[in-house]
Amino acid sequence: MKIEQYNSLEERQLEKKTFRLHLISQFFNGISLGILLLQDVILKKSLEASNFEVTVLILVTSIAFLFSIYGAEIINRASNPGLTAFLLGSSGKLFLFLIPLFDTPVVFIFSIAVMSIIDSLLIPTWNIVYKHNYTPQKRSSLYSYASSLSTALLLSTTTLFGYFLDFNHDLYKLFFPAAGILGIVMYFNLMKMLNFSFKGEKETVQRSFKMDFRLFKDILILPIRNSIRILKTNRRFLIFEINFFVYGMAFMISSPAVPVFLVDGLHLAYTPISFAKGLIFHSALIIFTPISGKILGTNNPTKFSGYMFLILVLFPLSLLSAKYFPLWGIYSSPVEILFFTFFLFGSAMSGVTIAWNLSSIYYAPHNEVSNYQGVHVTLTGVRGLFSPALGYIIMQTFSIETALILSSILFGASGILMLAESKRS
């Protein structure tokens with residue numbers, strides 16, 4: 001790193017200390033996410049859940065994003081933002097300890113749902129760290145390095161976990177509480193990074209988190225008003241979010257279809273599924289995330305997002321070919337097609353993940369970073385209110401194939417809309 005990139009020595013030291021903690025947090029986060037990644041497949045195979053129950057799991061984890069705007073308000077008002085984030089995050093991970101105690105889909109879905117809601121509350125908080133502790137020149141690349149580390153751990157964990165599950169379908173009862181402990185360690189490091197962000201902050205209004213009716217009303221109502229204000233006053237951000245919304249609909253429509261297709265359509269065991277979703281998918285993420293981070297940089301994210309969405313058009317179509325190409329005599333091995341499909345998926349999602357996490361910073365004023373990301377994440381929850389259910393309805397009314405084809409069409413529409421907007425920007 002060249003010191004000319006920094007305004008002061010303190011700024012350089014802050015970035016260095018933050019990056020070290022960021023790497024540690026993503027080390028533990030990667031292992032935790034690697035265990036949780038197979039939650040929909042575990043629900044279907046180990047707990048023998050119905051297609052409806054799988055859809056409910058996808059639905060509640062998607063709706064969880066609705067709560068992110070409230071997390072930004074809670075953290076910004078807290079007298080100790082770092083400690084508040086740690087206590088909130090840790091409380092969510094504790095629900096994973098309920099899963100081994102009750103061998104039913106209902107408790108499994110409930111525990112994952114509560115954890116997802118609390119995790120969503122804290123998503124905008126990470127953007128405070130990215131905005132305040134990293135310089136604009138290094139933000140995308142440092143984020144991509146930390147993300148690649150997390151992905152590498154996720155990759156190996158998911159692959160091994162799936163392999164073990166084929167020997168004993170009940171091993172998730174041991175691994176899920178372990179994922180909760182690792183998640184708590186991750187939030188401990190987030191607390192430290194937030195303490196750096198707010199250290200020396202000079203505010204005209206003293207922070208206070210003394211709960212009363214007025215504060216409760218402010219936390220409940222103000223985020224909604226702020227979200228409406230942001231979307232009304234920042235037209236470029238509004239258009240970006242509309243286009244991203246179309247992509248998100250495509251992703252969520254396919255979400256309940258994919259695990260059902262892998263289990264019932266391709267009749268796969270845990271090992272090839274975990275290999276595809278773990279090793280193959282996340283190998284592509286590791287390879288392409290640093291490249292995507294450098295390409296995005298500090299540039300307008302619309303063109304970049306548009307190209308990533310267009311690549312995703314091929315994902316549902318390639319997945320379908322894993323079933324139908326062997327039947328048509330075009331290709332004999334559905335598993336090899338499956339591996340190619342998830343490598344393609346991972347290469348595109350390397351860019352989409354960076355755009356999802358960092359794009360709001362491009363549009364946000366310095367003091368509203370978490371608010372803008374809160375709007376962005378909350379809109380993910382809005383489409384989660386109906387998109388997974390729409391995917392399920394299409395699956396039941398028509399077929400799994402129809403849901404996947406529709407998602408491909410919507411991926412294409414979102415990509416075209418993003419590229420059209422990039423020409424006007």
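Residues numbered from 1 in each chain as written. Predicted model: local features only at pLDDT ≥ 70, side-chain atom pairs only at ≥ 80, totals over all residues. Heavy atoms only, no water.

Peer 1: Would you mind going over the side chain of His22 in detail, with residue names and values included?
Peer 2: On the secondary structure map, His22 appears in helix H1 (residues 9-36). In this structure His22 comes out as buried when scored by relative accessible area, which is 1%. When sequence neighbours within four positions are dropped, the list of residues in contact with His22 reads Trp126, Tyr130, Tyr134, Tyr143, Ala146 and Met193. (Helix = DSSP H or I, 4+ residues; strand = E, 2+ residues; numbered from the N terminus. Buried < 20%, exposed > 50% of the residue type's maximum accessible area, 1.4 Å probe, protein only. Contact = heavy atoms within 4.5 Å.)

Peer 1: Could you give an account of helix H4 (residues 68-77), naming the residues involved and the relevant values?
Peer 2: For H4, a buried count of eight out of ten residues is recorded, marking the element as mostly surrounded by other parts of the structure. Of all the positions in H4, only Ser68, Ile69, Tyr70, Gly71, Ala72, Glu73, Ile74 and Ile75 are classed as buried.

Peer 1: Provide a residue-level description of the packing of aromatic side chains, including the pertinent values.
Peer 2: Within this structure, the stated rule accounts for 25 aromatic pairs. The interplanar angle of 90° and the centroid separation of 5.3 Å between the aromatic rings of Phe27 and Phe28 together place this pair among those described as edge-to-face. For Phe27, a relative accessible area of 37% corresponds to the partly exposed category. Summarising the aromatic geometry, the rings of Phe161 and Phe175 are spaced 4.7 Å apart at their centres and angled 35° between planes, so their arrangement reads as tilted. With a gap of 14 residues between them, Phe161 in helix H7 (residues 136-167) and Phe175 in helix H8 (residues 172-198) connect regions that are remote in the sequence. You can call Phe175 partly exposed: its relative accessible area is 24%. One aromatic cluster is present, built from ring pairs that chain together Phe240, Phe244, Tyr247, Phe251, Phe281, Phe309, Phe315, Phe342, Phe345 and Phe411. Sitting over the ring of Tyr270, Lys45 keeps its end group 5.4 Å from the ring centre. (Phe/Tyr/Trp six-rings, centres within 6.5 Å; stacked < 30°, edge-to-face > 60°. Lys NZ or Arg CZ within 6 Å of the ring centre and 35° of its normal.)

Peer 1: Which residues make up a nonpolar patch on the surface, and what are the values?
Peer 2: Residues Leu160, Tyr163, Phe164 and Phe167 make up a contiguous nonpolar surface patch of about 440 Å² in total accessible area. For Leu160, the location among the structural elements is in helix H7. (Patch = residues over 30% accessible without salt bridge, like charges linked within 9 Å, V, L, I, M, F, W, Y side chains within 5 Å. Areas by Shrake-Rupley, 256 points an atom, 1.4 Å probe, with all protein chains shown as cover. Salt bridge = Lys/Arg side-chain N within 4 Å of Asp/Glu carboxyl O.)

Peer 1: Hey, could you go over the pattern of salt bridges for me, with residue numbers and the actual values?
Peer 2: Per the stated rule, a full pass over the model turns up six salt bridges. For Glu401, the salt bridge identified is with Lys323, shortest N-O distance 3.4 Å. Taken together, the residues span a long stretch of sequence, with Glu401 in helix H17 (residues 400-424) and Lys323 in helix H13 (residues 314-328) at a distance of 78 residues. Arg424 is the partner of Glu421 in a salt bridge, and the nearest nitrogen-oxygen pair spans 3.2 Å. Of this pair, Glu421 and Arg424 both sit in helix H17, three residues apart, which is roughly one turn of the helix. Take Glu421: its relative accessible area is 4%, and that puts it in the buried class.

Peer 1: Any details on unusual backbone geometry? Residues and values, ideally.
Peer 2: The phi torsion at Glu48 lies on the positive side, around 50°, for a residue other than glycine. A relative accessible area of 67% places Glu48 in the exposed class. Phi angles above zero are rare outside glycine, and His267 is one such case at about 55°. For His267, the location among the structural elements is in the loop between helix H10 (235-265) and helix H11 (270-296). The exposed category is assigned to His267, whose relative accessible area is 63%.

Peer 1: Hey, could you go over helix H5 (residues 81-93) for me, with residue numbers and the actual values?
Peer 2: In this model H5 runs 19 Å from its N-terminal to its C-terminal C-alpha over 13 residues, within 8% of the 18 Å that 1.5 Å per residue would give. Taken together, the buried positions of H5 are occupied by Pro81, Gly82, Thr84, Ala85, Phe86, Gly89, Ser90, Gly92 and Lys93. (Expected span 1.5 Å × (residues − 1).)

Peer 1: Before we move on, can you summarise the side chain of Arg383 with the specific residues and values?
Peer 2: Following the sequence through the fold, Arg383 ends up in helix H15 (residues 369-384). Not counting the four nearest positions on each side in its chain, Arg383 is found in contact with Phe244, Phe245, Gly248, Met249, Met252, Trp356 and Pro388.

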